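# Working through the structure, step by step
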Amino acid sequence: MTSKTNLTINPQRLWDTLMETAKFGGTPKGGIKRLTVSDEDKRVRDWFKAECVKLGCTVEVDEVGNMFATRPGKRKDMAPIAMGSHLDTQPTGGKFDGVLGVLGALEAMRTLVDMGYETNAPIMIANWTNEEGSRFAPAMLCSGVYAGVFTTEFAYSREDRQGITLGAELERIGYKGKHKAGSIKFQAMFELHIEQGPILEAENKMVGVVTGVQGMRWYEVTVTGQESHTGATPMGLRKNALLAAARMIEAIHQVGMGHLPGVASVGLIENRPNSRNVVPGEVFFTVDLRHPDDKVLDKMEVAFRAALPKIAEDTGVSFEEKCIWTSPAVKFAAPLIECVRNGASQAGYTMREMASGAGHDAAYIARVAPTTMIFVPCLGGISHNEAESTTLEECGAGSQVLLNAVLDYDRTLA
Ligand SMILES: [Zn+2]
């Protein structure tokens, strides 16, 4: 039943395809500007559709432009196994973020067709609309609609800076499909993606076996002291809001250090009045706490909240703090994670388990179907940047592990 097949993808063909489609919205600096449902996006969608049709796939589009290309399997009664990501990019995006997940899946599909390999379940490639969220906020919009997180009407009503709606643009480029969002079903989804962080490269590992997406919580803190003359106010009599904020920032850093691999960051700070000879009277700053486990994230929140009153008391200031946004941790499906692990070891790649630090379509899809992700390294951990770089070998490894994992899962269906 578990007869091993050795279907080998063609890394050079994948690379050539990545470079060929990078011309749809290609930038002089070697990146891609392919905003969702733009003319460039239409061109890559048309190209993708034609390639899938050439492979004998049926291509369907749902009402929010999500594309599904399906190759039949032996079992007509079975829902497909999906591989998917996104073909849209940031305004100064790279050639790999999202694109690798779709084209790596296309390479896997081409390999199945070349070898005449018949799977038990149908195999599907999904291209999710507006993952990036840079033209129409929020990000991961249409995988979110698929998963029931957002309504179709909400998605249609999103406006870009020119006041053009997503609904109107879908209509204009011919990708407002007839299928209800969420009605095109699959039984599992694997998403291949570049890591967008530095861990795999730093540890010299080829494959990230992604176990979930970190939980995230955002807070805002306002510290109030008293503005006074820097020359005339003795050190012992100051209510220095910036000093308090500095100690709070250090304490928040320690919250992250104390809960690794959790991360705790202060990324935005406003100091008032921000004058060289005034003791600062008010400071506003943001806090971003993340951890793969919501229970540990609870502890991080407790530690963060416990640190502030003591610092405020020591420095004679008051403060207000509120949580403004939370996103629960996502745990990917254990059987699928196991398929990725098997797929990577079958191909002989080094690997490590990790949680995703960024959001992905897979995070929403995980709410409605067993889902997991595969990461490959990207140079310096840099993405959302025209300089984004992943090698032919790394792209090939990702596509191979994707195919191996899908076939490993498919074998369990026999
Ligand atoms: Zn992406």
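Residues numbered from 1 in each chain as written. Predicted model: local features only at pLDDT ≥ 70, side-chain atom pairs only at ≥ 80, totals over all residues.

## A closer look at the overall build of the protein
Looking only at helices and strands, one finds 12 helices and 16 strands in the protein. Expected size for 414 residues packed as a compact globule is a radius of gyration near 22 Å; at 24 Å, the protein falls within 12% of this value. Dimensions of the protein along its principal axes, counting C-alpha atoms only, are 85 × 45 × 40 Å. For the protein, the proportion of its 414 residues judged to be buried stands at 47%. Pairs at least 24 apart in sequence give 78% of the contacts found in the protein among residues at least 6 apart. (Helix = DSSP H or I, 4+ residues; strand = E, 2+ residues; numbered from the N terminus. Rg over C-alpha atoms; globule rule 2.2 N^0.38 Å. Buried ≥ 20, exposed ≤ 12 C-beta atoms within 10 Å, placed from the backbone. Contact = placed C-beta atoms within 7 Å.)

## Here's the deal with helix H6 (residues 166-173)
Within H6, burial applies to Leu166, Gly167, Glu169 and Leu170. End-on view of H6: buried residues confined to an arc of 165°, all on one side of the axis. In the core, the buried residues of H6 are packed alongside helix H5 (152-157). Of the residues flanking the end of H6, it is Gly174, one or two places downstream, whose phi is positive at about 80°. (Arc of directions from axis to C-beta.)

## Quick word on unusual backbone geometry
A cis amide bond, omega 0°, links Ala137 with the succeeding residue Pro138. Mapping Pro138 onto the fold places it in the loop between strand S4 (123-127) and helix H4 (141-146). Omega for the peptide link from Arg272 to Pro273 comes to 5°, which places this bond in the cis form. Structurally, the position occupied by Pro273 is in the loop between strand S10 (269-272) and strand S11 (278-279). For His384, which is not glycine, the phi torsion reads 50° and is therefore positive. As for its placement among the helices and strands, His384 is situated in the loop between strand S16 (371-376) and helix H12 (392-411).

## What to know about the domain arrangement of the protein
For the protein, the assigned domains read domain 1 (11-213 + 329-411) and domain 2 (215-327). For domain 1 and domain 2, the distance between their C-alpha centroids amounts to 38 Å. The interface is formed by four residues belonging to domain 1 together with six residues belonging to domain 2. Residues that form the side of domain 1 that touches domain 2 fall into these classes: two nonpolar, two polar and no charged. (Domains from an automatic or database assignment. Nonpolar A, V, L, I, M, F, W, Y, C, P; charged D, E, K, R; others polar.)

## Here's the deal with helix H1 (residues 11-21)
Where H1 is concerned, the buried positions are Leu14, Thr17 and Thr21. Down the axis, H1 shows its buried residues gathered within 65° of arc, on one side only. In H1, the exposed positions angled more than 90 degrees off the buried face are occupied by Gln12, Asp16, Met19 and Glu20. Packed against the buried residues of H1 are helix H2 (39-54), helix H3 (99-115) and H12.

## Things to note about the nonpolar core
Counting residues in hydrophobic clusters, the biggest one holds 88 residues, and the most contacted among them are Ile125, Ile374, Leu402 and Val406. Residue contacts for Ile125: discarding those within four places in its chain leaves Cys52, Ala69, Met83, Gly84, Val102, Ala105, Leu106 and Met109. (Core = buried A, V, L, I, M, F, W, Y, C linked by C-beta atoms within 7 Å.)

## Here we look at the environment of Gly396
The residue Gly396 is located in helix H12 in this model. Given 22 C-beta atoms within 10 Å, Gly396 falls into the buried group. Along the sequence, Gly396 and Thr8 sit 388 residues apart, while their C-alpha atoms lie 9.7 Å from each other. Setting aside residues up to four positions removed in sequence, Gly396 forms contacts with Ile9, Pro11 and Leu14.

## With respect to the environment of Ala344
By the secondary structure assignment, Ala344 is in helix H10 (residues 334-346). Ala344 gets classed as buried once you count the C-beta atoms within 10 Å, which come to 25. Sequence separation between Ala344 and Leu413 is 69 residues; the distance between their C-alpha atoms is 20 Å. If we ignore the near neighbours within four places in the chain, the residues touching Ala344 are Val207, Val209, Tyr349, Met351 and Val401.

## Quick notes on the packing of H1 against H12
Contact pair H1 / H12: the axes reach a minimum separation of 9 Å and the direction vectors enclose 110°. Between H1 and H12, the angle falls in the class roughly perpendicular. For the pair H1 and H12, the contacting residues are Pro11, Gln12, Leu14, Trp15 and Leu18 in the first and Leu392, Glu393, Cys395, Gly396 and Ser399 in the second. (Axes fitted to C-alpha atoms, helices over the stretch in contact; angles between N-to-C directions. Parallel < 35°, antiparallel > 145°, perpendicular 65-115°, else oblique.)

## Points about the pairing of S4
Burial of S4 is extensive: five of the five residues sit out of reach of the surface. Residues Ile123, Ile125 and Asn127 of S4 are buried on one face, and the alternating residues Met124 and Ala126, pointing to the opposite face, are buried as well. Strand direction decides the pairing type here: strand S2 (residues 67-71) and S4, joined by five bridges, are antiparallel. Counterpart to Met67 in the pairing with S4 is Asn127. For the crossover from strand S3 (residues 81-85) across H3 to S4, the handedness is right-handed. (Pairing = 2+ DSSP bridges. Right-handed = clockwise from strand over helix to strand, strands pointing away.)

## Here we look at the packing of H3 against H12
It is at 9 Å that the axes of H3 and H12 come closest, and there the two elements cross at 60°. As far as their axial angle goes, H12 and H3 are oblique. By crossing handedness, the relation of H3 to H12 is classed as right-handed. Facing H3, whose interface residues are Leu100, Gly104, Ala105, Glu107, Ala108 and Thr111, H12 presents Cys395, Gly398, Ser399, Leu402, Leu403 and Val406. Across the contact of H3 with H12, the residue classes tally to seven nonpolar, four polar and one charged. (Left-handed = near helix turned anticlockwise from the far one by under 90°.)

## Details of the environment of Lys23
Within the secondary structure, Lys23 sits in the loop between H1 and H2. A sequence separation of 30 residues divides Lys23 from Val53, and the C-alpha atoms of the two residues are 21 Å apart.

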